[in-house]
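# Examination of the molecular architecture
Residues per chain are reported as follows:
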Amino acid sequence: MISRRDIAAVLSFSIVAMFFIFGALIIHPFGTPDETGMDDNIITNAQTETGANNAVTSVVFDYRGFDTLGEATILFTAVAAVIMVFRRLKK
Amino acid sequence: MSGMSKIVKTISGIAFPFITIYGLYVIAHGHLTPGGGFQGGAIVASGCAMVLVSYGSIWIMDRVKEKNLSILESLGAICFILLAILGLGFGTVFFNNFLVGTNSLFGVVPAAGSGLADINTGGVIPLMNFAVGLKVIAGLFGIVLVMAYASRTKEEKK
Amino acid sequence: MIFNIPFIAVAALILIGLYAVIFKRNLIKMVIGITLIESGVNLFLITLGYREGSIAPIYTSSPGGIMALPVPQALTLTSIVIGVAVLALMLSLVIHIYRHYGTLDVRKMGGPEE
């Protein structure tokens, strides 16, 4: 029979779906971002301040290097956890 | 898992150096073309996974132990943090780019708006690309090797 | 409304992934659903940073125009690596659960009450 849990699942899924579709229709048109002040500053000054021709790499490693440090920590933690799950303790 | 036939082993052994050279090219030119440490590391790790699937995980685990891969990954992480702390020592802030504008290793600054790609530019960015690339290669290959070795069947465990 | 097709694709990806997490009983199908949600979020980050008729933000010797925004692309790089790490950990835990219970059906596994 149809249990109460199935009705609750269908109801909550349809409410979340309505929110997502409503948000996708009402957002600004594709191709016109709202605020571009910081990115225009980075595009005009990236070549003389960092010395690299690639604006995305200079953002990842120079202007926002602290986020890359956090990401390297996440990679290290994931590898350590996976090796630890499959370790057999020598008897 | 066990290895595959002789033809598959030969062809994957021929294709592996080309994949590695391409991946190292993408890592080294990260400040001039699209790419960088993470993307090139993923390319080389895919080539290593292809060799692992064709030769069998027991054969590879006998020759490459996972603690060597763990040492290589830690080496890459230590080099990355060392470059960040050297920015604190030579300059003013953490992650300072202390090699731009000087006459040392990677210190040429290109003229504003020019498109000539010189590999001698970039400051501390190419060194960071090498450190992160080494970390990603060792980490992803270590994950795939441990998971393939742990799921071998009962006939191969003897 | 028809110019918002990338945003509608983002909503479709996230909803299909959410459906797979809620209504399916196999553990591997739930893991695939989580990966679909993560792909939808990465696509949303990239489509926020596009300007009409722009080129990639790299200085070359070809005649250029206006450039796309570089900061959302840098944030998407970090998000993809985080997704790979979470997927590796989830799959290794699924292998461990399969060895302990012998089945991949969520309804046949005990909860914290036993």
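Residues numbered from 1 in each chain as written. Chains lettered and ligands numbered in written order. Predicted model: local features only at pLDDT ≥ 70, side-chain atom pairs only at ≥ 80, totals over all residues.

## Describing the overall build of chain A
Basically, it comes down to this: Here a helix means four or more residues in a row that DSSP labels H or I, a strand means two or more in a row labelled E, and each is numbered from the N terminus. As a reference, a globule follows 2.2 Å times the number of residues to the power 0.38, and the radius of gyration itself is taken over C-alpha atoms.
For chain A, the helix and strand inventory stands at four helices and zero strands. Each helix (α) and strand (β) of chain A, taken in turn from the N terminus, gives the series α-α-α-α. Here the C-alpha radius of gyration of chain A, 24 Å, is well above what a compact globule of 91 residues would show, namely 12 Å. Each principal axis of the C-alpha atoms in chain A carries an extent, and together these give about 70 × 60 × 15 Å.

## Comments concerning the packing of helix H2 (residues 37-49) of chain A against helix H3 (residues 55-63) of chain A
Residue and element names in this part refer to chain A. Here is the rule we go by: Comment: axis = line fitted to C-alpha atoms, over the contacting stretch for helices; angle = value between 0 and 180 degrees taken between N-to-C directions. These descriptions rest on fixed angle ranges, namely under 35 degrees for roughly parallel, over 145 for roughly antiparallel, 65 to 115 for roughly perpendicular, and the rest for oblique. A residue pair is marked as a contact if its C-beta atoms, positioned from the backbone, fall within 7 Å.
Following both chains from N to C, one finds H2 and H3 inclined at 85°, their axes separated by 10 Å at the closest point. By the criterion of interaxial angle, the relationship of H2 to H3 is roughly perpendicular. Along its contact with H2, which presents Ile 42, Ile 43 and Ala 46, the element H3 presents Ala 55, Ser 58, Val 59 and Tyr 63.

## What about the nonpolar core?
Put simply, the test is: The term nonpolar core refers to a set of buried Ala, Val, Leu, Ile, Met, Phe, Trp, Tyr and Cys residues connected through C-beta atoms within 7 Å. We call a residue exposed when 12 or fewer other C-beta atoms sit within 10 Å of its C-beta, buried when the count reaches 20 or more, and partly exposed for counts in between; the C-beta positions come from the backbone.
In this structure, A:Val59, B:Met128, B:Ile137 and B:Phe141 are the most contacted members of the largest nonpolar core, which totals 52 residues. Those elements giving two or more residues to this core turn out to be H2, H3 and helix H4 (65-85) of chain A, helix H1 (6-28), helix H2 (37-55), helix H4 (66-90) and helix H5 (125-149) of chain B together with helix H3 (71-101) of chain C. The leading source of residues in this core is H5(B), at 13 residues. B:Met128 has contacts with A:Phe61, B:Phe80 and B:Leu83, leaving out every residue within four places of it along the chain. Residues A:Ala24, C:Val10, C:Phe44 and C:Leu48 belong to the second largest nonpolar core, which totals eight residues.

## Description of the confidence of the model for chain C
Residue and element names in this part refer to chain C. How we decide: For every residue, the predictor assigns a confidence score, pLDDT, that lies between 0 and 100.
For chain C, per-residue confidence averages 90 on the pLDDT scale, and 96% of positions sit at 70 or higher. Of all the helices and strands in chain C, H3 carries the lowest mean pLDDT, 93, while helix H2 (residues 27-47) carries the highest, 96. Interface confidence for the predicted complex, given as ipTM, is 0.86, next to a pTM of 0.89.

## A word on the interface of chain A and chain B
Quick reminder of the rule: All residues other than Ala, Val, Leu, Ile, Met, Phe, Trp, Tyr, Cys, Pro, Asp, Glu, Lys and Arg, Gly among them, are scored as polar; the first ten of these are nonpolar and the last four charged.
Between chain A and chain B, the residue contacts involve 22 residues of the former and 29 residues of the latter. Taken together, the elements giving at least two residues each to the side of chain A that touches chain B come down to H2, H3 and H4 of chain A. Looking at the side of chain A that touches chain B residue by residue, the class counts come to twelve nonpolar, nine polar and one charged.

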